[in-house]
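The chain contents come next:
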Amino acid sequence: MKLIIAYIQPHKLQDVKKALYEAEVCKMSVTNALGCGEQHGYEESYRGIKFEVNLLKKVRIEIAVNEDFVEKTIDAICAGAKTGNIGDGKILVIDMPECVRIRTGQRGKEAIG
Amino acid sequence: MITRKRKIILAAAAVFLIGSGRLLLAAETDTPELSPIEVAAKGLQDNINIVWTCIAAFLVFFMQPGFAMVECGFTRAKNAVNILMKNLMDFSIGSIAFFLVGFGLMFGASNGLFGTTLFGLKGIEPGAHWNWTFLIFQTVFAATAATIVSGAMAERTKFVGYLIYSFFISLFIYPVFGSWAWGGLLDGGGWLEKLGFLDFAGSTVVHSVGGWLALAGAIVLGPRLGKYGPDKKPRAIPGHNIPLAALGVFILWFGWFGFNPGSTTTGNGSIGYIAVTTNLAAATGAIFAMFAAWIIMKKPDASMALNGALAGLVAITCPCDGVSPIAALIIGGVAGILVVLSVLFIDHVLKVDDPVGAVSVHGVNGLWGTLSAGLFNMETGLFYGGGLKQLGVQALGAAAAFAWAFGLGLLLFTIIDKTIGLRVSTEEEFKGLDVGEHGMEAYSGFQVFSTT
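Caption draft 1: View of the overall build of chain B. A count of helices and strands for chain B gives 17 helices and 0 strands. Within chain B, the fraction of its 452 residues that count as buried is 53%. In chain B, the share of contacts with a sequence separation of at least 24, taken over all contacts with a separation of at least 6, comes to 76%.

Caption draft 2: Here's a closer look at the nonpolar core. Core analysis: the largest hydrophobic core is formed by 132 residues, its most contacted members being B:V209, B:L215, B:A289, B:I331 and B:A335. Here B:A289 is in contact with B:M304, B:A305, B:N307, B:G308, B:A311, B:G336, B:V339 and B:V340, once residues within four sequence places are set aside. Counting residues in each nonpolar core, the second largest holds 12 residues, with A:I8, A:V16, A:I61 and A:I63 among its members.

Caption draft 3: Region of interest: the interface of chain B and chain A. Across the contact, 16 residues belong to chain B and 10 residues belong to chain A. Those elements giving two or more residues to the side of chain B that touches chain A turn out to be α11 (270–297), α12 (302–317) and α13 (325–350) of chain B.

Caption draft 4: Up close: the packing of α11(B) against α13(B). Residues and elements named next belong to chain B. At a minimum axis distance of 6 Å, the contact between α11 and α13 shows a crossing angle of 35 degrees. In this structure, the crossing between α11 and α13 has a hand that is right-handed. By residue class, the composition of the contact of α11 with α13 is 20 nonpolar, 6 polar and no charged.

Caption draft 5: Spatial organisation of the packing of helix α1 (residues 13–22) of chain A against helix α2 (residues 70–81) of chain A. Residues and elements named next belong to chain A. One way to put it is that α1 packs onto α2 with a least axis distance of 7 Å and a crossing angle of 145 degrees. Once α1 is placed against α2, the crossing between them reads as right-handed. Seen from α1, the contacting residues are D15, V16, K18, A19, L20 and E22; seen from α2, they are T73, A76, I77, A79, G80 and A81. Here the contact of α1 with α2 is composed, by residue class, of 7 nonpolar, 2 polar and 3 charged.

Caption draft 6: Here's a closer look at the environment of B:G258. Residue and element names in this part refer to chain B. Secondary-structure assignment places G258 in helix α10 (residues 242–259). Using a count of 25 C-beta atoms within 10 Å as the deciding quantity, one classes G258 as buried. For G258 and G151, which are 107 residues apart along the polypeptide, the C-alpha to C-alpha distance reads 22 Å. Look past the residues within four positions of G258 in its chain and what remains in contact with it is I55, A56, A57, L59 and V60.

Caption draft 7: The arrangement of α1(A) in detail. Residues and elements named next belong to chain A. Where α1 is concerned, the buried positions are V16, A19 and L20. Looking straight down α1, one finds its buried side chains confined to an arc of 100 degrees; they lie on one side. Of the exposed residues in α1, the ones pointing more than 90 degrees away from its buried face are Q14, Y21 and E22. Buried residues belonging to α1 abut β1 (2–8), β5 (56–65) and α2.

Caption draft 8: Expanded view of the environment of B:H207. All names here are of chain B. Its location among the elements puts H207 in helix α9 (residues 203–221). For H207, a count of 33 C-beta atoms within 10 Å puts it in the buried group. Note: C-alpha distance between H207 and F376 (169 residues apart in sequence) is 20 Å.

Caption draft 9: Focus on unusual backbone geometry. Residue and element names in this part refer to chain B. Although it is not a glycine, E155 sits at a positive phi angle of roughly 75 degrees. In this structure, E155 sits in the loop between α6 (130–152) and α7 (159–182). Since 25 C-beta atoms lie within 10 Å of it, E155 is described here as buried. Backbone geometry at K351 places phi at a positive 55 degrees, although glycine is not the residue there. With respect to the helices, strands and loops of the structure, K351 is situated in the loop between α13 and α14 (358–376).

What counts and how
- Residues numbered from 1 in each chain as written.
- Chains lettered and ligands numbered in written order.
- Predicted model: local features only at pLDDT ≥ 70, side-chain atom pairs only at ≥ 80, totals over all residues.
- Helix = DSSP H or I, 4+ residues; strand = E, 2+ residues; numbered from the N terminus.
- Buried ≥ 20, exposed ≤ 12 C-beta atoms within 10 Å, placed from the backbone.
- Contact = placed C-beta atoms within 7 Å.
- Core = buried A, V, L, I, M, F, W, Y, C linked by C-beta atoms within 7 Å.
- Axes fitted to C-alpha atoms, helices over the stretch in contact; angles between N-to-C directions.
- Left-handed = near helix turned anticlockwise from the far one by under 90°.
- Nonpolar A, V, L, I, M, F, W, Y, C, P; charged D, E, K, R; others polar.
- Arc of directions from axis to C-beta.

See the structure below:
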């Protein structure tokens, strides 16, 4: 079991969701996130004083998948989120030792299902 | 034919009015020289004056939410409840203080320095007497002066300290100066008006007095934490809701149609003319502030353009009845440029932290508006062959306002600071005054983001 965490541009969320549905990945958690990376920030000004905005608004998607879905999911996120510009985001894949479905008490592969 | 018809209607109205005993100032109108028609006309005019002055008073009252929204929008979410409470309470406390004491000091029979009668409108019968209308109109003006200060002192002032301040401005500071310039509008009479000082709707009496008190308050308080970096350079503390600030400015603009045209306290054609000069100055104020910001700061900053509209309104408040429409355009345009330069000067050079620009809008442009009457007044202004006399009197009045309001402001705020304390603790300022002073949040259930 893997946990796939993706940080993407907020405006690409619709495309990523569509690509995931097409790959039959229909379960995900989405949160708003702030972050900085290679994209750097931009400048705003307020009443004549400039200031650097270096934490940019991003969207974080978390998806827990079984092994056979890992590549499909990664491909779908890439297909949906990629524009070719700096700031498109990153996908992190980590091993997930356990998963529990609260309603039934199921564990492991079944719980992800 | 038409005039005969009108005469008949007026005569009928006269009979009705006399019959129903609604005529005001009966002692004056009952003189035998006046025909019934003239009596009726006067009675109608008196009632029109009352209705218009009351409508104007209600419009000026609506400037209170305008101020509240501007100040709330230009400050941070964690202090929104506090600024709303300050706006609510300075009006409430001010209304009572002005009724009991302030109105008498301002408009009672004067001892030369301030009025000494009419406290709580003593001796005035409850009912249709003009003084009640005049009281509500003047109350909302006093409250306007009081509420200007809250914005400049936003996000760091102890609530109790602010309540004490707001009591004294409406009780004493505003009315005494007001009696010098406006006492003669009722039973009083002051040295400034005797010199020929012009301040039709209060660029000095209301706005400069409020603005200079705001400056004193901001100086005694010191800047908000984080406003100036270790290098002493100002840092931006963006307001949390520009749409609210914009709504507030539109509301104020709307309320100003009561503030200036209402200061006629007379229902006649001058209302429309003053509304025109008022609107023109507000428009050029907004436009020229936008261009000044665009040129100086490379972007048409919304907060500056909004301040610019208010600056134009404040400036035209004094000369609105006696200047040409072209002069109104110029007065507003100068105000728009002036407000941007003043905000930058106060922020970068004086290093006084005024989160909403209250000192620049009301103090500085109140001063400019007052002087502009000495330049553009069509009867006595410098540009109309009136010489320097009017301009000199205007400068004297504006200087007196500065000395009185700024001086007493420094004294009052220092006393509050040394006794009960004027500023909240560092910890409370970081957390926000909403939780610290009022134990509640403005946006409970919302997540507040910071991207800097």
